Amino acid sequence: MKRLIAIAMLVALRAPAHADPASDARALVEAKDFGGAAKKFLEAYQLSAEPDLICNAGVAYYKAGAFHRAHLFLGRCLERSSALEAEFVKQVHAVLSSVEEALHAGNYAPVDVTVDPAGTAIAIAEFGAEAAFVGSRTVWLPFGTHVVVATATGMASSTQTVEIADHAARVLTFKLAPAPIGEPKRIAPPPPPPTPIEHRSKLPAIAVSAGAIAAGVFTAIAYGRAHDHADLAPYAVSTGAYDREVASTHHWNQAMVTGAAVTAVGAGIAGYLWYAALHAPGEVEIVPTSGGAAVTFGGRW
């Protein structure tokens, strides 16, 4: 076990420093998140295709207990062994041997996938899109139902389902046929007629505007009356007269505040109603073209 842990650390440290996903993967290895590290190594491999990275992914999946994934990526790693150091390749073989022991002991079964033509790409839902491979290969799948899709340029794709319920080996054979040619092109339906512009009535806006103006006039009158009573209060000849002037001043001040509030609210509502009455809602129209579709926007602004 110590040797395997040392191998995992060695492979992780071999990742190129310039790849950001590889740096993230090494951090995940240190945090013992081996499943997350494997995904990051694969992401880095998609960017640079350096063999160390796919080896790292295989070792990380082994450490995560995903033995079928580890087997796939370690196998792909060894396919590029000519670009790796001999001692490193030897260590990868040791890890792969441990992976195969775990697969034989667990709930897995080998599936021999054979393809024609040789350049056929195989995608297995269990592994994800990043694990698609080209050509014939033996993969290990866990117990359950799995969908396998084969595709190749100029050929019709093929899909098969395999049920894994025991340890017996399975064989999946894909012989793709040429894709049909000369299929009629689909003609796009004509665009729908543009929606007619609807004009809203201006009567609500006129009514609210008139009310706001009337409230504004009342506010001005109340302000003047309050000011007049405030000016007369100092000259009252008796205490009763003074109190009446003060009370009147207070009354008209309250009326002025109320009128100002009504004026402000009415002005806001009137503004919205005028905007709604004078501006039609915008229209969006999608028109099919030879290169796709054109989008146009309409309305009054």
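Keep in mind it's a predicted model, so treat the numbers as computed, not measured.

## As for the sheet that holds strand E1 (residues 108-116)
Strand order in the open sheet formed by three strands is E4-E1-E7, and the pairing between neighbours is mixed. In this open sheet, the two edge strands, each paired with only one partner strand, are strand E4 (137-142) and strand E7 (170-175). The average undirected angle you get between the axes of adjacent strands in this sheet is 30 degrees. Across six bridges, the pairing between E1 and E7 is parallel. Among the inter-strand pairings, Val113 is bridged to a residue of E7, identified as Leu172. Together, E1 and E4 form the strand contacts of helix H5 (residues 67-78), whose direction differs from that of E4 by roughly 165 degrees.

## A look at helix H8 (residues 239-278)
For H8, spanning 40 residues, the distance from its first C-alpha to its last is 58 Å, which sits close to the expected 58 Å at 1.5 Å a residue. Residues of H8 that are buried in the fold lie against helix H7 (203-232).

## Description of the environment of Ala222
The residue Ala222 is located in helix H7 in this model. A relative accessible area of 0% places Ala222 in the buried class. Placed 32 residues apart in sequence, Ala222 and Gln254 show a C-alpha to C-alpha distance of 8.6 Å.

## Considerations on the pairing of strand E2 (residues 121-124)
Alternating residues of E2 divide into Ile122 and Ile124, all buried, and Ala121 and Ala123, none buried. As defined by bridge partners, E2 adjoins strand E3 (residues 133-134) across two bridges and the pair is classed as antiparallel. Residue pairing across strands places Ile122 opposite Phe133, the latter belonging to E3. In this structure, E2 lies alongside strand E5 (residues 144-151), joined through four bridges in antiparallel fashion. Following the sheet pairing, Ala121 is matched in E5 by Thr151.

## Brief notes about the nonpolar core
The biggest cluster of nonpolar side chains holds 54 residues, and the ones touching the most others in it are Phe41, Ile122, Ile124, Val139, Leu141 and Phe174. By residue number, the principal contributor to this core is helix H4 (residues 51-64), which donates eight residues.

## Observations concerning the packing of H5 against helix H6 (residues 86-105)
Geometrically, a packed helix pair is captured by the angle between its two axes and the distance between the axes. Relative to each other, H5 and H6 sit at 150 degrees, their axes nearing to 9 Å. Of the possible angle classes, the one that applies to H5 and H6 is roughly antiparallel. Considering the relative orientation of H5 and H6, their crossing is left-handed. Residues Phe67, His68, Ala70, His71, Leu74, Cys77 and Leu78 of H5 form the contact with H6, whose participating residues are Val89, Val92, His93, Val95, Leu96, Val99, Glu100, Ala102 and Leu103. By residue class, the composition of the contact of H5 with H6 is twelve nonpolar, three polar and one charged.

## Here we look at the pattern of salt bridges
Following the criterion strictly, the structure yields five salt bridges and no others. Note that Asp24 and Lys40 form a salt bridge whose closest N and O atoms lie 4.0 Å from each other. One end of the pair, Asp24, is in helix H2 (residues 20-30); the other, Lys40, is in helix H3 (residues 34-48), with 16 residues separating them in the sequence. Asp24 gets classed as partly exposed once you look at its relative accessible area, which sits at 38%. One continuous salt-bridge network, built from bridges that share partners, spans Asp24, Lys40 and Glu43.

## So, the sheet that holds E2
If you walk across this open sheet you meet the four strands as E3-E2-E5-E6, and the pairing is antiparallel. Pairing within the sheet leaves two strands with one partner each, and these edge strands are E3 and strand E6 (158-164).

## Looking at H6
Counted at 1.5 Å a residue, the expected span for H6 with its 20 residues is 28 Å, and the 29 Å between its end C-alpha atoms agrees. Taken as a whole, H6 has its buried residues at Phe88, Val89, Gln91, Val92, Ala94, Val95, Leu96, Ser98, Val99, Ala102 and Leu103.

## A closer look at the packing of aromatic side chains
Per the stated rule, a full pass over the model turns up two aromatic pairs. On the numbers, 6.0 Å between centres and 55 degrees between planes, the contact of Tyr62 with Phe67 is tilted. The buried category is assigned to Tyr62, whose relative accessible area is 13%. Cation over ring: Lys63 sits above Phe34, and NZ or CZ is 5.8 Å from the ring centre. Taking NZ or CZ as reference, Arg137 lies 5.3 Å from the ring centre of Phe133, over its face.

## A look at the confidence of the model for the protein chain
For the protein chain, per-residue confidence averages 80 on the pLDDT scale, and 79% of positions sit at 70 or higher. Low pLDDT, under 50, characterises residues 1-13; the stretch is placed with 21 contacts to residues that sit more than four places away or in other chains. Segment residues 15-19 is flagged for pLDDT under 50; beyond a separation of four residues in sequence, or across chains, it makes 13 contacts in the model.

Analysis parameters
- Residues numbered from 1 in each chain as written.
- Predicted model: local features only at pLDDT ≥ 70, side-chain atom pairs only at ≥ 80, totals over all residues.
- Heavy atoms only, no water.
- Pairing = 2+ DSSP bridges.
- Helix = DSSP H or I, 4+ residues; strand = E, 2+ residues; numbered from the N terminus.
- Axes fitted to C-alpha atoms, helices over the stretch in contact; angles between N-to-C directions.
- Contact = heavy atoms within 4.5 Å.
- Expected span 1.5 Å × (residues − 1).
- Buried < 20%, exposed > 50% of the residue type's maximum accessible area, 1.4 Å probe, protein only.
- Core = buried A, V, L, I, M, F, W, Y, C linked by side-chain atoms within 4.5 Å.
- Parallel < 35°, antiparallel > 145°, perpendicular 65-115°, else oblique.
- Left-handed = near helix turned anticlockwise from the far one by under 90°.
- Nonpolar A, V, L, I, M, F, W, Y, C, P; charged D, E, K, R; others polar.
- Salt bridge = Lys/Arg side-chain N within 4 Å of Asp/Glu carboxyl O.
- Phe/Tyr/Trp six-rings, centres within 6.5 Å; stacked < 30°, edge-to-face > 60°.
- Lys NZ or Arg CZ within 6 Å of the ring centre and 35° of its normal.
- pLDDT = per-residue confidence, 0-100.

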